[in-house]
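Coordinate inspection notes
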Amino acid sequence: MISPASNFRIYLASQPVDFRKGLDGLAACVANNFQLDPYSGAIYVFRSRRADRLKILVWDGSGLVLIMKRLQGKRFTWPKPQTGPVTLTKVQFDALFDGIDWTKVAASPSRKPVFL
């Protein structure tokens, strides 16, 4: 499982993309469709038309990284198509990557330690 640090920004493309696109094509989607910088270190998540596969694009400081995952026998939960990306929390991203319905996952509230 891939689990980004909690300080990463995670953007989900709500519309499916052509899954023949590679690093450069997806980076162009980020720049042209979302007006965001694909080299900012944020995580960008894309889905196939059938919603059984996803691609993750991230800049790690030295190059673009492309990760692909295919679910066996089920589909990823995806929001209705809209303009612009959907922002996910780390908890929602973890659920999405595991094939769980991330829309029903709430981020746990941050708790401050209690000192006695």
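Above this note sits the structure.
What counts, and at which threshold
Numbering of residues begins from 1 in every chain and follows the order in which that chain's sequence is written. Selection of residues for local features in this predicted model requires a pLDDT of at least 70, selection of side-chain atom pairs for listing and counting requires 80 or more, and totals for whole chains, interfaces and linings are taken over all residues. No hydrogens and no water enter the side-chain calculation; it runs on all heavy atoms of the structure. Segments assigned H or I by DSSP are reported as helices when at least four residues long, segments assigned E as strands when at least two residues long, and all are numbered from the N terminus. When accessible area is computed with a 1.4 Å probe and restricted to protein chains, residues below 20% of their type maximum are described as buried, those above 50% as exposed, and intermediate ones as partly exposed. Whenever a carboxyl oxygen of Asp or Glu lies within 4 Å of a side-chain nitrogen of Lys or Arg, that contact is scored as a salt bridge. Positive charges come from Lys and Arg alone, negative charges from Asp and Glu alone, with His and the N- and C-terminal ends not counted. The term polar contact refers here to a pair of N or O atoms within 3.5 Å; inside protein, the definition further demands a hydrogen-donor-capable atom paired with an acceptor-capable atom, and it admits residues adjacent in sequence only when both atoms are side-chain atoms. What makes two residues a contact is simply this: any of their non-hydrogen atoms within 4.5 Å. Only buried residues count toward a nonpolar core. Its members are Ala, Val, Leu, Ile, Met, Phe, Trp, Tyr and Cys residues joined through side-chain atoms within 4.5 Å. Take the number of residues in a helix, subtract one, and multiply by 1.5 Å to get its expected span. Each direction from the helix axis to a C-beta atom contributes to the arc, which is the arc of those directions.

1. What to know about the environment of Gly61
Residue placement: Gly61 occurs in the loop between strand 3 (53-59) and strand 4 (64-70). In this structure Gly61 comes out as exposed when scored by relative accessible area, which is 56%. On a C-alpha basis, the gap between Gly61 and Gly41 in space is 7.2 Å, while along the polypeptide they are 20 residues apart.

2. Observations concerning the pattern of salt bridges
A side chain with one charge can pair with a side chain of the opposite charge if their charged atoms come near. Taken as a whole and judged by the stated rule, the model has 4 salt bridges. A salt bridge links Asp52 to Arg53; the shortest N-O distance between them is 3.4 Å. Judged by relative accessible area, Asp52 falls into the buried class, the value being 14%. Salt-bridge contacts for Lys90 lead to Asp94; the nearest nitrogen and oxygen are separated by 2.9 Å. With Lys90 and Asp94 both in helix 2 (residues 90-97) and 4 residues apart, this pair spans about one turn of that helix.

3. Notes on the side chain of Lys55
As for its position among the elements, Lys55 is in strand 3. No salt bridge is formed by the buried Lys55, whose closest oppositely charged neighbour, Asp18, lies at an N-O distance of 7.6 Å. At 2.9 Å, the side chain of Lys55 and the backbone oxygen of Phe19 are in polar contact. Not counting residues up to four positions away in its chain, the partners in contact with Lys55 are Phe19, Lys21, Leu26, Tyr44, Val45, Phe46, Leu66, Ile67 and Met68.

4. As for the nonpolar core
Grouped together as the largest cluster of nonpolar side chains are 17 residues, with contacts concentrated most on Leu12, Val45, Leu54 and Leu96. Elements represented by at least two residues in this core include exactly strand 1 (10-12), strand 2 (43-47), strand 3, strand 5 (86-88) and helix 2. No other element matches the 4 residues that helix 2 contributes to this core. Excluding anything up to four places from it in sequence, Val45 contacts Ile10, Tyr11, Leu12, Ala13, Leu54, Lys55, Ile56, Trp78, Phe93 and Leu96.

5. Comments concerning helix 1 (residues 23-34)
Residue pairs spaced three or four apart in an α-helix point in one direction, given the helix's 3.6 residues per turn. Over its 12 residues, helix 1 runs 16 Å from end to end, which matches the ideal 16 Å to within 8%, given 1.5 Å per residue. Looking at helix 1, one finds that the buried residues are Leu26, Ala27, Cys29, Val30 and Phe34. Buried residues of helix 1, viewed axially, fall in a sector of 150°; they line one side. When the buried face of helix 1 is taken as reference, the exposed residues oriented beyond 90 degrees from it are Asp24 and Asn32. Elements that come into contact with the buried residues of helix 1 comprise strand 2, strand 3 and strand 4. Two residues or fewer past helix 1, Gln35 is found with a positive phi of approximately 55°.

6. A look at unusual backbone geometry
Despite not being glycine, Gln35 shows a phi value in the positive range, around 55°. Inspection of the secondary structure puts Gln35 in the loop between helix 1 and strand 2. In this structure, Ala51 is a non-glycine residue whose phi angle is positive, near 65°.

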